[in-house]
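A closer look at the structure
Now for the letters of each chain:
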Amino acid sequence: MTLVIDNIAELVTNAPDLGERPLGIVENASVVVEDGQVIAIGPAGALADERLDADGRCVLPGFVDSHTHLVFAGERAEEFTRRMAGEPYDGDGIRITTEATRAAGRKALRASLDRRLVEAHRAGTTTVEIKSGYGLSVESEALATSLAAEVTTETTFLGAHVVPDEYRGRADEYTELVCGPMLDAVRPHVRWVDVFCETGAFDVDQSRAVLEAGRRAGLGLRLHANQLDHGPGVGLGVEMGCASIDHCTYLSDDDLEMLASSDTVATFLPAADFSTRQPYPDARRAIDAGVRVAIASNCNPGSSYTTSISFCIALAVRDMGMTIDEAIAAVTTGGAAALRRKDVGRLAPGGPAHLTILDAPSRHHLAYRPGVPLIWRTIGSDYQLPPTANTSQPIPR
Ligand code: NIG
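What you see is a predicted model, and the numbers here were worked out from it, not measured in a lab.

1. Some words on empty space enclosed by the protein
Tallied over the entire structure, the rule returns one cavity of 30 Å³ or more. Roughly 100 Å³ of internal volume is contained in the largest cavity. Considering the residues around the largest cavity, the lining is formed by 15 residues, among which Tyr-89, Ile-94, His-161, Asn-300 and Ser-303 are closest to the centre. Residue composition of the lining of the largest cavity, grouped by class: four nonpolar, ten polar and one charged.

2. As for unusual backbone geometry
Cis geometry marks the peptide bond from Arg-21 to Pro-22; its omega dihedral reads 0°. Tracing the sequence through the fold places Pro-22 in the loop between strand E1 (2–12) and strand E2 (25–34). The phi angle at Asn-14 is positive, at roughly 60°, despite the residue not being glycine. Position of Asn-14 among the secondary structure elements: in the loop between E1 and E2. Its identity is not glycine, yet Asp-55 carries a phi of approximately 50°, on the positive side. By the element assignment, Asp-55 lies in strand E4 (residues 50–61). Judged by its relative accessible area of 43%, Asp-55 is partly exposed.

3. Describing the packing of helix H4 (residues 138–151) against helix H5 (residues 171–186)
Packing of H4 against H5 leaves a shortest axis separation of 9 Å and a crossing angle of 45°. It follows that H4 is oblique to H5 by the angle criterion. For the pair H4 and H5, the sense of crossing is right-handed. Residues Val-138, Glu-141, Ala-142 and Thr-145 of H4 form the contact with H5, whose participating residues are Leu-177, Pro-181, Met-182, Ala-185 and Val-186. Looking at the contact of H4 with H5 residue by residue, the class counts come to seven nonpolar, one polar and one charged.

Each value, and the rule that gives it
Residues numbered from 1 in each chain as written. Predicted model: local features only at pLDDT ≥ 70, side-chain atom pairs only at ≥ 80, totals over all residues. Heavy atoms only, no water. 1 Å grid on protein atoms, 1.4 Å probe; cavity = no way out; pocket = protein on both sides within 12 Å on 5 of 7 lines; lining within 4 Å. Points joined across faces, edges and corners; volume = space filled by probe spheres on them. Nonpolar A, V, L, I, M, F, W, Y, C, P; charged D, E, K, R; others polar. Helix = DSSP H or I, 4+ residues; strand = E, 2+ residues; numbered from the N terminus. Buried < 20%, exposed > 50% of the residue type's maximum accessible area, 1.4 Å probe, protein only. Axes fitted to C-alpha atoms, helices over the stretch in contact; angles between N-to-C directions. Parallel < 35°, antiparallel > 145°, perpendicular 65-115°, else oblique. Left-handed = near helix turned anticlockwise from the far one by under 90°. Contact = heavy atoms within 4.5 Å.

Here's what the structure looks like:
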């Protein structure tokens, strides 16, 4: 059975050989899909068994959300409200979510994870990375990572998110737990290891120990750093060959130089800066320095409770000095690079048919029409949606 998505006003492929550079844009196009794969891209009017009329809409590769914390229980609206009234963000609320997550059972955690995945799919995301980090005990981190592994292969162990209450003042001891029994317990479920290298979380030696232990266990490396201030995280992450250093709200000239001469991606999380009233990272400066960048949602109940990549794009264009094309690249090929993936984030024959169809004629509307439900339909994903999710119904015009 072949499907043609026809009458596409503007098709973003991210394959420069297929269309106008830099995003490989094809106008008045069709995409032919068979068994979940793109088999042809050409002018409108292609033939197939089934036809979806895009009716002049814009089609993009599905978004690659390379940083989320989707396994958690509870919410922290009160903390957000206090922040909006002037209280600073310091990450301390992570422990509140840890308490709620530990108290929730597998079934409740899975149900809320499923709801967030449906929400992300409706928002145009077709690849999602999921971190643990709200269990912070051997048992609870094993549960969180096993739930993440039930739905995606992009799973990350973040036992070193913060030091839990029962280890307060004993960060080195907790780091040993993370690097030993906790890592052993989560190992079957995860592809990546991550650590929050920041004042109030883990220092550079503890962070290095976690990354080294993860590497010995055969995991890929990621890092949270430079969210709340300048610090040594970028130097550590580049030295260790992390696939991505995430947040990067504060970057010095040295940080930029190190990133630019590495293959580590700087992943910006603008919805977290929005929700914590941090300054936005200067993406223009990073791109001009030659740094490879990504943008992700960072969906979590504390610093960034959104799955909306469109919102992140609008922030990046409005407040981070990015062009719309740079922002779109950052949430597609950029996210893919942050996960060291080449198969997602682009639309080309032979690749997966992961598509986002906008209820708009061009990609510019993603930044131009912030806050409106612009995703008309999302097709495909490499994560597991609940069988009851009705994601296939286009919204009528
Ligand atoms: O990426 N920076 C650390 N971790 C999360 C925040 C989690 C929370 O506040 O619950 C983040 O922003």
